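# Structural characterization, general
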Amino acid sequence: MSEKKQLSEDILLEEVTSAEYKYGFTTKIESDTIPKGLTEKVVRTISAKKNEPDWMLDYRLNAYNAWLKMDEPDWANVEYEKPNYQDVIYYSAPKQKPVLDSLDDLDPEMKKTFDKLGISIDEQNRLANVAVDIVMDSVSVATSFKKTLAEKGIIFCSISDAIKNHPKLVKKYLSSVVPVRDNFFSALNSAVFSDGSFCYIPKGVKCPMELSTYFRINEAGTGQFERTLLIADEGSQVSYLEGCTAPMRDENQLHAAVVELVALDNADIKYSTVQNWYPGDKNGKGGVFNFVTKRGICHKNAKISWTQVETGSAVTWKYPSCILKGDNSIGEFFSVAVTNNLQQADTGTKMIHLGKNTKSTIIAKGISAGKSNGNYRGLVSISKGATNSRNFSQCDSLLMGDKCGSHTFPYIEVRNKSSQVEHEATTSKVGEDQIFYCNQRGIGTEAAIALIVNGYCKDVLNQLPMEFAVEAQKLLEISLEGSVG
Amino acid sequence: MGLINEIKNYSDKKNLSADKRSALDNFLENGFPTIKDEEWRYTSLKKTISGKYSINAVGRDVTKKEVEKHSLGLKHKIILVDGFLISKPEIKNISISAYSEFISNTNEALEKLNYSLAKNGYTISVHANTTIEEPIEILFFNTVENNFIQYRNIITVGDNSQVKFIEKIQNIDCDNVFVNSFTHINCESNSKLEFNKIQNNTPNSSLIDTVDVFQKKDSVSNINTLIFGGKFIRNNLNFEQNGTNAESNMNGISVLNKNQLADNHTFVDHKSPNCRSNEMYKGVYLEKSKGVFNGKIMVREDSQKIDAFQSNNTLLLSEDATINSKPQLEIYADDVKCSHGCTIGQLDKEALFYMRSRGIGKEEAQAILTYAFASEAINNITINKVAMLAKKLLINKLDVDLDHNI
C-alpha cells in the first residue's frame, strides 16, 4: 500500500516538475497550436490531437454542422461587440502564464487582492504561477484525496480521460441534458471543447469530501471551451465547487462552457460556482465574455442545488437550470451577481417542472455599481402534469450609484390548477439611514457598505461550502471597492 | 394569411396619404406580430387573422332601445356606430368631435396599421380648469359581421381639470368583429383622469386595444380594465411620465372561461423624478381560458425618488387553464423603491372548509372567496355604477346564485 502511495506520489511529482519545466520553453509549446478559425478540418484536428474515438469525432462534426446554421443569440440585455469566431484559436496547448521568480515580482495589486482574500502563501504561489519547489504538503493531500475517492468507486477525471476510459458512461450522458443544438454556444462548445471534468458517483455513495477541495489543488487551466459532466447515480450525494475566488487573468476573451448534471433517483447534487474572471479595466476595455450553458436533470426524489457568486467577466450570459423530471424532485438556485464599472451580467435560472410534487426555490441577489448593468432573467414553467408543484422566487437588486442599472425579466408559466407560484422582486439602494447608523458607531462608510452588502447576500453565501463562503464575502468587498461616494 | 391580403386589396383601392402609405408599407413588411416576437410570445394572432374580414365596413343604425340596453344609464353619452360618431352630449368647457388625424411616434406594428387605415373614432378635449363631476360614457357599437375595424381616439385633459370616462365596445347583431383600437391621452399639469374600460363583448369578438397616456407634472391618471367577455383580447397600456410628481395607477380584473384569451401588457415609463405608479392586476381563469400578463416598469436615468409597485395575482380554477406572467423591472436610477409581486395559486382550502362546515355549498363558497379576491381591485374603482357592474359580471361568470346582495 505504502509503496503504491509512494509510486503515485512519484508520478505526480514528475508530472508537476516536468510541467514546470516545460513552461521554460514557451515558444516551443506555442507552436503546438492550430491556425485561427473554425472549419471542419479544425474540428477533425482537435479530435485527432486528443486521440478520440470515431463516435466522438462524429459527435463533434454533428455539433459543428448544427452550429453553422445557428445565429448568435441577441435577446439578452447586454451590449458587446460580437466576437469574430473565425479569429479565435480553437486548440492550444495548456494555458501558459509567465513564470515568476518569487511573489515579490507579482503585480502589487494582485498581491493585495490575494492577501485580502486570505489565500495561503502556498496557494498564492500556485495561483500566480511562481516557480517554487513542489509543496510536499499539498501533493500528499492530493494523493490521499485520490485514494479516498478511488476506494469509494468515484470516478473523477478529465473529460478526455473519461472518453477514453469510460466511453459507455460518456456516450450515455453527454448531451443528454444540454442537447448539442440547444443553443449557439452549446453547439460551439460541443464541436470544439478542449477539456473539462467528468465525475461519476456510484449508487448510494456519499462523496466523502467537497470535490472543490480536491479541485483547488489539482485543477489546471481547462481552457476556453470547458465541458463538465457530473453524474450522481441513485441515492448518491456530492458537492462540487467550480472556479476560484482568486482573480483569473486570462488571455482568452471568449469562454463558452457547458455543464451538465444528472441526478438519478434519490441523488443529491450541490454545485457551487465562484466566478471571478477578468472584468476588464475601468473603461471597459478587455475582459472576458462568459457565455455558459448549465443545466441539470432531476429524476425521482432527486435534488439539484445551484449556488453561484458572480463577480467577474465583462459580459456574463448564464442561466443554471433544473429540469425537474422526476416526481418529488427539488431544484434550487441561489445567486449573487455583482457588477461594477462597465460590467454587464444577464443571469438567472430556469426551473422546468415536469414531475408531480416538484419544488423549486430561487433566491437571486443582484448588486450593481459604477456604470454597470445587472439583469435577472428567469423562467418558472409548471407543466400540466406537474400537479401540486411549488415555486418560490425572490429576486432583489441593490443599486449603488446613479449610473448603474438593474433589471428583472422573470417568466412564469403555469398550466395546472394545483400548483402554487410566488414571485417577488424589489429594487432599492443602500439606505442612507443604515450607513448613518454605522457611521455613528465609528464604522467607516466603505466598511458599512460591506457590512450591509454581506447582510443582503447572506441567504446565498450561507449556501456555499464554508471556506468559500468566507472568501466570497471578502470578494464582494473587493469587487465593490471604490464604488461608494 | 387572409387578413393581410384583405388589407393589401383595401389599401390599393384607397388613395392613402404619403405618411399613411409609408406606415402601411412599414406594417406590411413584417405583417402581424407572431409568437417569435418577444412581446407576443404567449399570444398567437394566427387564428384571429386567418379569418375572412371586410375592412372598415359600415352597417345599420342602432335604436334607442339598444343603446339603453347596453349603457350604464349615465347622463353623458358619446355614441359611435361602426366607428362613426352619431351622438354626443353638450357639456360646458369640453369639446367632443369625430375622428381627427394625428400621428403617434410609437413603433408598434398594430399602431402603424391603425394609423394608416383609421377613419373613425373620437376627439375629446377637456379645457383647462374644468371639473366634470358626472362620468362620461363612451359606447362603441359594431353592426357588421366579419368586420375589421380601427378606432383612433384622442383625449386631452387640460391643466387643473378632472374628468372620468367609461368606454365600452358592444357588437349588435354580429359576433365576429375584430377591433384594433388606439387611444392617445394627454394629461396636462395637475389634471386628474379616470378611464374605465369595460371589455365584455360577444363570444367571438377580437380586440386589440392600445392606450398611450402622456402625463405632465402633478397629473394623476387611473386606468381600470375590466375583462369579462370576448374571445381574444390584447391590451397594451402605456404610461409616459414627463413631469415631476405624476402618478399612474392601473387596476385590472380578468375573469375568463371557455377558450377565452386575455393578454394584458402594461408599461410605465418613469421619465421624471418624484413620480409614482401603482399597479394591481387580478386574474381568475376558468375552463380552458388563457391569461397573459406582462408588466414592465422602466425607471430612466436621473429619475430619482420613484416609487413603483406592481402586483399580479392569479387564481387558476381549472385543470386546463393557463397563465403566463412576466413582471419586468428595468431600473437605471438608484434612489428608487420598486417592487413587483406575482402569485399564482388556488383558493385557500382551509377557508373553503371553514365555509362548508358552516353549511355554505362548495360552489357558493368558491364564489365568495373568488369575489373577495377580485374585490381588492374592484374597490379602487370610484364610479359606483362601474364597480357594481363589475361585481355583477363577476358573479354571473362564476355561475352561482348568491342570495344575499354583495
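Residues numbered from 1 in each chain as written. Chains lettered and ligands numbered in written order. Predicted model: local features only at pLDDT ≥ 70, side-chain atom pairs only at ≥ 80, totals over all residues. Heavy atoms only, no water.

Now for the pairing of strand E11 (residues 206–215) of chain B. Residue and element names in this part refer to chain B. For E11, the tally of buried residues reaches 10 of 10 residues, placing the bulk of the element in the interior. Burial of the side chains of E11 extends over both faces: Ser206, Ile208, Thr210, Asp212 and Phe214 are buried on one face and Leu207, Asp209, Val211, Val213 and Gln215 on the other. Alignment of strand E9 (residues 177–187) against E11, held across 10 bridges, turns out to be parallel. Counterpart to cysteine 187 in the pairing with E11 is glutamine 215. (Buried < 20%, exposed > 50% of the residue type's maximum accessible area, 1.4 Å probe, protein only. Helix = DSSP H or I, 4+ residues; strand = E, 2+ residues; numbered from the N terminus. Pairing = 2+ DSSP bridges.)

Glancing now at the interface of chain A and chain B. Each partner contributes residues to the interface: chain A has 34 residues there, and chain B has 36 residues. With both sides pooled, the region where chain A packs onto chain B buries about 2,900 Å², and carbon together with sulfur makes up 45% of that total. There are 2 salt bridges connecting chain A and chain B. The partner of lysine 384 of chain A in a salt bridge is aspartate 320 of chain B, with the nearest N and O atoms 2.5 Å apart. Summed over the shared surface of chain A and chain B, the result is 16 residue pairs in polar contact (both at pLDDT 80 or more). (Contact = heavy atoms within 4.5 Å. Buried area = accessible area lost by both parts, 1.4 Å probe. Salt bridge = Lys/Arg side-chain N within 4 Å of Asp/Glu carboxyl O. Polar contact = N/O pair within 3.5 Å; in protein donor to acceptor, adjacent residues only side chain to side chain.)

By the element assignment, histidine 423 of chain A lies in strand E19 (residues 420–429). C-alpha separation for the pair histidine 423 of chain A and serine 393 of chain A, spaced 30 residues apart in sequence, amounts to 4.6 Å. Among all residues touching histidine 423 of chain A, those that are not within four sequence positions of it are Ser393, Cys395, Pro410 and Ile412 of chain A together with Pro327, His340, Gly341 and Cys342 of chain B.

Now for the packing of aromatic side chains. Inspection of the entire model under this criterion finds 26 aromatic pairs over all chains. On the basis of an interplanar angle of 55° and a centroid distance of 6.1 Å, the ring pair of phenylalanine 165 of chain B and phenylalanine 195 of chain B is categorised as tilted. Here phenylalanine 195 of chain B lies in strand E10 (residues 192–200) and phenylalanine 165 of chain B lies in strand E8 (residues 162–171), a separation of 30 residues in the sequence. Among the residues examined, phenylalanine 165 of chain B registers a relative accessible area of 0% and is labelled buried. Taken together through their ring pairs, the aromatic side chains of Tyr64, Trp67, Trp75, Tyr80, Tyr85, Phe184, Phe185, Phe289, Phe291, Trp317 and Tyr319 of chain A make up a single cluster. Lysine 296 of chain B extends its terminal NZ or CZ atom over the ring of phenylalanine 267 of chain B, reaching a point 5.2 Å from the ring centre. Directly above the ring of tyrosine 354 of chain B sits arginine 358 of chain B, whose terminal nitrogen or CZ lies 3.7 Å from the centroid. (Phe/Tyr/Trp six-rings, centres within 6.5 Å; stacked < 30°, edge-to-face > 60°. Lys NZ or Arg CZ within 6 Å of the ring centre and 35° of its normal.)

All quantities given are derived from atomic positions and should not be read as evidence of function.
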